[in-house]
Amino acid sequence: MSCIVLLLGFSCWAVKHNRRTADSSFQLENMVLCDEVDEKMRPLHTGTQFMSGIRQLCLCFDYSLASKRSDIRIKWYYGDHLVYSEVLLLSPGKGSKVFCLLREDGSPLPVGAYDVRVCYEGTVYSSLNFEISSLVKVP
């Protein structure tokens, strides 16, 4: 149990301290993982450890882009293997985005360690590690 708490604490710290400032015109905030969103696209059931049987995970974040249109790439990894990548063109201004990871056939995501990365102008701007576990969470 203490390992799980330590892992969650380290993950939160890493997200807050892993933001690059190569281009101050792009800002990324409130990056979280969740298993679903509400009708206003707000994250529900956030965390970095999810139970086996889950069919989708969503990355939610707020962004601001000062001057020019630009793109970001979201990369989902299962272990060391890239399993999905998507490019999104961002317009100047502020906004919120949601990207979901799910299998084409709708089957549950495999148990194991994952990583999702937000890349801006060719470099990893921020990343978040998470796990799908077959262990039962103890309250």
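What counts and how
Within each chain, residues carry numbers counting from 1 in the order of the written sequence. Only residues with pLDDT of 70 or above have their local features reported here, since the model is predicted, and side-chain atom pairs are shown and tallied only from 80 upward, although totals for entire chains, interfaces and linings are computed over all residues. Side-chain metrics rest on all non-hydrogen atoms present in the structure, leaving aside hydrogens and water. When DSSP locates at least two bridges between a pair of strands, those strands are taken to pair. Segments assigned H or I by DSSP are reported as helices when at least four residues long, segments assigned E as strands when at least two residues long, and all are numbered from the N terminus. Type-normalised accessible area, obtained with a 1.4 Å probe on protein chains alone, sets the label of each residue: buried when under 20%, exposed when over 50%, and partly exposed for intermediate values. In this description, contact between two residues means that some pair of their heavy atoms is separated by no more than 4.5 Å. Among the buried residues, those of types Ala, Val, Leu, Ile, Met, Phe, Trp, Tyr and Cys that are joined through side-chain atoms within 4.5 Å form a nonpolar core. Angles shown run from 0 to 180 degrees and are taken between the N-to-C directions of axes, each axis being a line fitted to C-alpha atoms and, for helices, limited to the stretch in contact.

Undergrad: Quick question: what am I supposed to make of the pairing of strand β6 (residues 81-90) here?
TA: As paired elements, strand β5 (residues 70-78) and β6 share 9 bridges and run antiparallel to each other. Looking at the pairing, R73 lines up with V87 of β6.

Undergrad: Can you walk me through the environment of L82 in this structure?
TA: With respect to the helices and strands, the residue L82 is situated in strand β6. Of the residues examined, L82 reaches a relative accessible area of 46% and is grouped as partly exposed. Considered as a pair, L82 and Y114 are 32 residues apart in the sequence and their alpha carbons are 9.7 Å apart. Sequence-distant contacts of L82, that is, excluding residues within four places in its chain, are made with K75, W76 and Y77.

Undergrad: For this particular structure, what's the right way to read the environment of L128?
TA: Within the secondary structure, L128 is located in strand β9 (residues 123-133). Considered as a pair, L128 and Y114 are 14 residues apart in the sequence and their alpha carbons are 8.5 Å apart.

Undergrad: Help me understand the nonpolar core in this model?
TA: Across soluble globular proteins, nonpolar side chains have a tendency to be buried as a group. Membership of the largest hydrophobic core comes to 27 residues, with the highest contact counts inside it found for F26, L59, F61, I72 and I74. Counting only elements with at least two residues in this core, the list comes to β1 (26-37), β4 (56-65), β5, β6, β7 (93-102), β8 (112-120) and β9. With 5 residues, β4 is the single largest residue contributor to this core. Other than its neighbours up to four places away in sequence, L59 contacts M31, V32, L33, I74, W76, K97, V98, F99, V116 and V118.

Undergrad: Explanation requested: the sheet that holds strand β3 (residues 49-51) in the structure shown.
TA: Backbone-to-backbone hydrogen bonds pair the strands of a sheet. The strands run either parallel or antiparallel. With mixed pairing, 5 strands are arranged side by side in an open sheet as β3-β9-β8-β5-β6. The two strands at the open ends of the sheet, each matched to only one other strand, are β3 and β6. Taken over all neighbouring pairs, the strand axes of this sheet differ in orientation by 20° on average, direction set aside. For β3 and β9, the ladder comprises 3 bridges, and the chain directions are parallel. Bridge pairing in β9 links M51 to S133.

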